[in-house]
Amino acid sequence: HYTTDIRSREENKKIIESLYRLAVDLKKIRRLKEWVLFQDVAYVKETANILQEMGADKATVASILERWPEAILRSPAEINSQRELWQLVCQNEKQLIKLIEQFPESFFTTEFHENQKANILFFQELGLRNNIITRFLTSAPNIFYNPVEKNKHTIKTLQRSYLSLGGSDANMKIWILKLLSQNPFILLNTSTVVQENLEFLQKNDFTNDEVLQLLSKLKGFIFQLTPTSMQKSMLFSKNVFKCSDQELKHLVLRCPALLYYSVPILEERLEGLLKEGISIEQIRETPMVLELTPQIVQYRIKKLSALGYNIRSGTLETLNSTRKDFEVSFGKIQSKKERPMFNPVAPINAED
């Protein structure tokens, strides 16, 4: 709402001079957010003073204003309100300044202040640790823009769903907190979406226990899907692997990516594996390999081939793993290959 027709206007000299004194790179602002420099009212000195009060040095102040120049359009009252709010979850002002420097947009979005405050207090009551809440404020700020009642309603729906699937009251709090920590964006969905997706899985013969397993494995991403997208992905996998409904269900439980990834992504990953000479049967035995991008697959096969390891004739277990696990497996194969055939500590027979 600050944007205006800047072509017919001149930059505000006061803003330019104030930013110049703070050693702010004006070229960066002109390139990215030029419209800020044309505003009639700005609080450059005041914003800089508040940041310096919190412990920011000159270089940090300049960095913040270059990355998010809109900060100077917030009144001192708005910034101080945000400061008090974020102090509810930050250990100290040193941590707060570090977060503002990394995520200025999240801090200086002040339009939803009351919602932010209500949601922070709600998450604290729910049992989320402050370090998790600060992570949400910076990486998923949108969830704080919701009215708190919407977030409460979604949480209640999740709690009801967990209990209806056979989860226990004793474990419910831990389950909810883990789900939220893994994927706070589930709060951006409506409770109807949550319900529809769970019903879809039940209609496809997943038992309540298996649905709970999938929810944990998918880290809440299941709530960003739709029954239609899941149906398409499952049908694609069923045709590719030529399997029965029961066999498909077991494949999905082993590799939830078959449910989560769209058909184009599954096609691309499948093609990448087939190009490397890997068979459908091998993929069916280790479906989790579809969680890897074609680039990662190519890189790992190249590394293994250099050691003379033929991925096409064996299992894909070595290929399929986290980056850390792959490096460990690769190291073992490498050391095995490099080990000398003779025993270096055996005595040498000398004629004399």
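Named according to an unreviewed UniProt entry, the protein is MTEF2 factor originating from Eudromia elegans. In UniProt, the protein has this text filed under Subcellular location (unreviewed entry): "Mitochondrion". Under the UniProt heading Sequence similarities (unreviewed entry), the entry covering the protein gives this text: "Belongs to the mTERF family."

1. Points about the environment of Leu 212
Secondary-structure assignment places Leu 212 in helix α13 (residues 208-217). Taking relative accessible area as the criterion, Leu 212 reaches 14% and is therefore assigned buried. Residue contacts for Leu 212: discarding those within four places in its chain leaves Tyr 162, Leu 165, Gly 167 and Trp 175.

2. Focus on the environment of Ile 97
With respect to the helices, strands and loops of the structure, Ile 97 is situated in helix α6 (residues 93-102). With 42 residues separating them along the chain, Ile 97 and Gly 55 place their C-alpha atoms 7.1 Å apart. Not counting residues up to four positions away in its chain, the partners in contact with Ile 97 are Leu 51, Met 54, Ala 56 and Thr 60.

3. Here we look at the packing of aromatic side chains
The description of an aromatic ring pair uses the distance of the two centres, along with the angle that the planes make with each other. Throughout the structure, instances matching the rule amount to eight aromatic pairs. Each ring, one from Phe 122 and one from Phe 123, has its centre 5.6 Å from the other, and the planes form 40°; the classification is tilted. In this structure Phe 122 comes out as buried when scored by relative accessible area, which is 9%. Look at Tyr 260 and Tyr 261: their rings are 5.6 Å apart centre to centre, the planes differ by 50°, and that puts the pair in the tilted class. For Tyr 260, a relative accessible area of 30% puts it in the partly exposed group. Clustering of aromatic rings is evident, with ring pairs tying together Phe 122, Phe 123, Phe 136 and Phe 144. Lying across the ring of Tyr 261, Arg 269 places its NZ or CZ 4.5 Å from the centre.

4. Points about the packing of helix α12 (residues 191-203) against helix α14 (residues 227-241)
Contact pair α12 / α14: the axes reach a minimum separation of 9 Å and the direction vectors enclose 30°. Accordingly, the angle class assigned to the pair α12 and α14 is roughly parallel. Across the interface between the two elements, Glu 196, Asn 197, Phe 200 and Leu 201 from α12 touch Pro 227, Met 230, Gln 231 and Met 234 from α14. Class assignment of the residues belonging to the contact of α12 with α14 gives a composition of five nonpolar, two polar and one charged.

5. Examining α14
For α14, with 15 residues, the first-to-last C-alpha span of 21 Å sits near the 21 Å given by 1.5 Å per residue. When α14 is considered as a whole, its buried residues turn out to be Met 230, Ser 233, Met 234, Phe 236, Ser 237, Val 240 and Phe 241. Projected down its long axis, α14 carries its buried residues within an arc of 160°, all on one side. Turned more than 90 degrees from where α14 packs its buried face, Thr 228, Lys 232 and Asn 239 sit exposed. On its buried side, α14 packs onto α12, α15 (245-254), α16 (257-260), α17 (263-275) and α18 (280-285). A positive phi of about 45° marks Lys 242, the residue just after α14.

6. Some words on unusual backbone geometry
Most peptide bonds adopt trans geometry, and most residues besides glycine take a negative phi value. Even without a glycine there, the phi angle at Asp 205 is positive, about 65°. As for its placement among the helices and strands, Asp 205 is situated in the loop between α12 and α13. Judged by relative accessible area, Asp 205 falls into the exposed class, the value being 55%. We note that Lys 242 has phi near 45°; this positive angle belongs to a residue other than glycine. Overall, Lys 242 belongs to the exposed group, its relative accessible area being 70%.

Reading the values: rules and limits
Residues numbered from 1 in each chain as written. Predicted model: local features only at pLDDT ≥ 70, side-chain atom pairs only at ≥ 80, totals over all residues. Heavy atoms only, no water. UniProt positions renumbered as here; feature names shortened; annotations may be inferred. Helix = DSSP H or I, 4+ residues; strand = E, 2+ residues; numbered from the N terminus. Buried < 20%, exposed > 50% of the residue type's maximum accessible area, 1.4 Å probe, protein only. Contact = heavy atoms within 4.5 Å. Phe/Tyr/Trp six-rings, centres within 6.5 Å; stacked < 30°, edge-to-face > 60°. Lys NZ or Arg CZ within 6 Å of the ring centre and 35° of its normal. Axes fitted to C-alpha atoms, helices over the stretch in contact; angles between N-to-C directions. Parallel < 35°, antiparallel > 145°, perpendicular 65-115°, else oblique. Nonpolar A, V, L, I, M, F, W, Y, C, P; charged D, E, K, R; others polar. Expected span 1.5 Å × (residues − 1). Arc of directions from axis to C-beta.

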